[in-house]
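Residues per chain are reported as follows:
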Amino acid sequence: MNSRRILVGYRKNGSSNVEIAPFQQCIFDYFGKTGQTTKLSCNLQDGVVVISTEGDEQILVKHPTFCPMHALTESDIKSIRPEDVSRGVDVGVATLLQTSDRHILITRRAKHLRNFPGIWVPPGGHVEANETLEEAGLRELEEETGLKITPQDCKSIKVLALWESVYPAMLSQGLPRRHHMVVYQTAVVDQGHEDLQKRLALDPNETDAAAWLSEAYLKEIAKNSDSNEKMGDVPNHIPNTFKSVVLTQDTNQPTIQQLSSSILFATAPSTGPDVERISTGTKFAIQQWSQTFD
């Protein structure tokens, strides 16, 4: 496939023109939106993911309270590397794969990756030329986990929500180097997580661990938000550990390990290096997913 990057574009009310989104500007600021959430339309058109306030199908969009792009000063903007500014806003698609027994697959990003190493997220990645958002999400799922799921295999597949993602996650960790609009989609299949587990084949270049989170875990994660959670607090009725497939460091062989549940409830520290945790955007997506069953 053509590896040309698919970027975000903006279209203002009443305009037919699409402007490629500037790297250094918060999406909320561009559209004059306040707060953490808003609704915008999202459509892939001519190789650009067009974000607009117009359109019949509006999708929930969120960014964190600590959004680095929103907090940038004029001095900060001038200090961002030119090669980063020229990137624009990239598009990522992440798939929440829901099994028949209501488990969701999350994976830990490999520690050698440049962006968000060691962070837990659903399988996902960039969109390639001539792909739909749906196809991109399922392709990345297969590449990272070995699970080949086609649209025909899904009882349903649909966009869940959008998340404005910036790396590093906070200005205290450095000036922005990557700016993404992450499209979270849900793909519901008829198989249980134990059956899918047998087909799991993690790509060590992308991920070094994976776990199937049950509905009980997911609902507790959904109760937390980036504004009120306390790092590492595990609800009393949740086990202290969760089962995960972890690749060994030397041979990349899959092993079953019990990892601390505090990882699932950790949050991004306001200062200093990041910690192993579920990404803030993923927690938001899990919140939206859990509301479909409430």
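Refer to the structure presented above.
Report follows, based on the coordinates. The model shown is predicted, which means the values in this text are computed figures rather than measured ones.

## Thoughts on the overall build of the protein chain
When helices and strands are counted, the protein chain shows 8 helices and 14 strands. In terms of overall size, the protein chain behaves like a compact globule, its C-alpha atoms giving a radius of gyration of 19 Å where 294 residues would be expected to give roughly 19 Å. Taken along its principal axes, the extent of the C-alpha atoms in the protein chain is 50 × 45 × 40 Å. Across the protein chain, contacts joining residues at least 24 apart in sequence account for 68% of those joining residues at least 6 apart.

## Structural notes on helix α7 (residues 215-223)
Along α7, the residues that are buried comprise Glu215, Tyr217, Leu218, Glu220, Ile221 and Ala222. Contacts made by the buried residues of α7 are with β7 (104-109), β12 (207-213), β13 (241-247) and α8 (280-290).

## Examining the pattern of salt bridges
Counting across every chain of the model gives 19 salt bridges. Note that Asp84 and Arg178 form a salt bridge whose closest N and O atoms lie 3.6 Å from each other. In this pair, Asp84 sits in helix α4 (residues 82-85) while Arg178 sits in strand β11 (residues 178-189), placing the two residues 94 residues apart along the sequence. Pair check on accessibility: Asp84 and Arg178 agree, each one buried. Where salt bridges share partners, they join Glu128, Glu131, Arg139, Glu140 and Glu143 into one cluster.

## What about the packing of aromatic side chains?
Remark: the centre distance and the inter-plane angle together describe each pair of aromatic rings, the angle taken between the planes. Enumeration over the complete set of coordinates arrives at 6 aromatic pairs. Ring geometry for Tyr10 versus Phe31: centroids 5.1 Å apart, planes at 70°, classification edge-to-face. One end of the pair, Tyr10, is in strand β1 (residues 7-11); the other, Phe31, is in the loop between α1 (27-30) and β3 (37-45), with 21 residues separating them in the sequence. The burial state of Tyr10 is the same as that of Phe31; both residues are buried. Pairing Trp163 with Phe284 gives two aromatic rings, centres 5.7 Å apart and planes at 35°, and the pair type is tilted. Note that Trp163 is positioned in strand β10 (residues 154-167) and Phe284 in helix α8, a separation of 121 residues in sequence. Each member of the pair Trp163 and Phe284 is classed as buried. Grouping aromatic residues by their ring pairs yields a cluster made of Tyr10, Tyr30 and Phe31.

## Things to note about the pairing of β7
Within β7, 5 of the 6 residues are buried, which leaves it mostly tucked inside the rest of the structure. In this sheet, β12 lies alongside β7 in antiparallel orientation, the contact comprising 6 bridges. Looking at β12, one finds that Ile104 is bridged to Leu213. Taken together, the 2 bridges between β7 and strand β8 (residues 120-121) define a ladder with antiparallel strand orientation. Residue pairing across strands places Arg108 opposite Trp120, the latter belonging to β8.

## Notes on the environment of Thr65
Topologically, Thr65 is positioned in the loop between β5 (59-62) and α2 (68-71). C-alpha separation for the pair Thr65 and Thr53, spaced 12 residues apart in sequence, amounts to 21 Å.

## Quick word on the nonpolar core
If you look at the biggest cluster of nonpolar residues, it comprises 30 residues, and the most contacted ones within it are Val8, Tyr10, Cys42, Ile51, Val91, Leu133 and Leu162. Sorting elements by how many residues they give to this core places α1 first, with 3 residues. When neighbours within four sequence positions are excluded, Leu133 is seen to be in contact with Cys42, Leu44, Val49, Val91, Val93, Val127, Val183 and Gln185. Ile104, Ile106, Leu160 and Ala211 belong to the second-largest nonpolar core, a separate cluster that totals 29 residues.

## Section: the state of the cysteines
For the coordinates displayed, the defined rule picks out 0 disulfides. Here Cys26 is not cross-linked by a disulfide; its sulfur's nearest cysteine counterpart is in Cys67, at 4.2 Å. Take Cys154: it sits in no disulfide, and the sulfur closest to it among the cysteines is that of Cys42, at 19 Å.

## Overview of the layout of surface pockets
Reported here for the largest pocket is a volume of approximately 1,100 Å³. Every residue lining the largest pocket is counted, 46 residues in all, and those nearest its centre are Arg109, Asn115, Phe116, Gly125 and His180. Residue assignment for the lining of the largest pocket shows that the elements contributing at least two residues are β6 (90-98), β7, β9 (124-126), α5 (133-145), β10, β11 and α8. Residues belonging to the lining of the largest pocket are distributed by class as follows: 19 nonpolar, 14 polar and 13 charged.

Calculation criteria
Residues numbered from 1 in each chain as written. Predicted model: local features only at pLDDT ≥ 70, side-chain atom pairs only at ≥ 80, totals over all residues. Heavy atoms only, no water. Helix = DSSP H or I, 4+ residues; strand = E, 2+ residues; numbered from the N terminus. Rg over C-alpha atoms; globule rule 2.2 N^0.38 Å. Contact = heavy atoms within 4.5 Å. Buried < 20%, exposed > 50% of the residue type's maximum accessible area, 1.4 Å probe, protein only. Salt bridge = Lys/Arg side-chain N within 4 Å of Asp/Glu carboxyl O. Phe/Tyr/Trp six-rings, centres within 6.5 Å; stacked < 30°, edge-to-face > 60°. Pairing = 2+ DSSP bridges. Core = buried A, V, L, I, M, F, W, Y, C linked by side-chain atoms within 4.5 Å. Disulfide = S-S within 2.5 Å. 1 Å grid on protein atoms, 1.4 Å probe; cavity = no way out; pocket = protein on both sides within 12 Å on 5 of 7 lines; lining within 4 Å. Points joined across faces, edges and corners; volume = space filled by probe spheres on them. Nonpolar A, V, L, I, M, F, W, Y, C, P; charged D, E, K, R; others polar.

These values are about where atoms sit, not about what they do.
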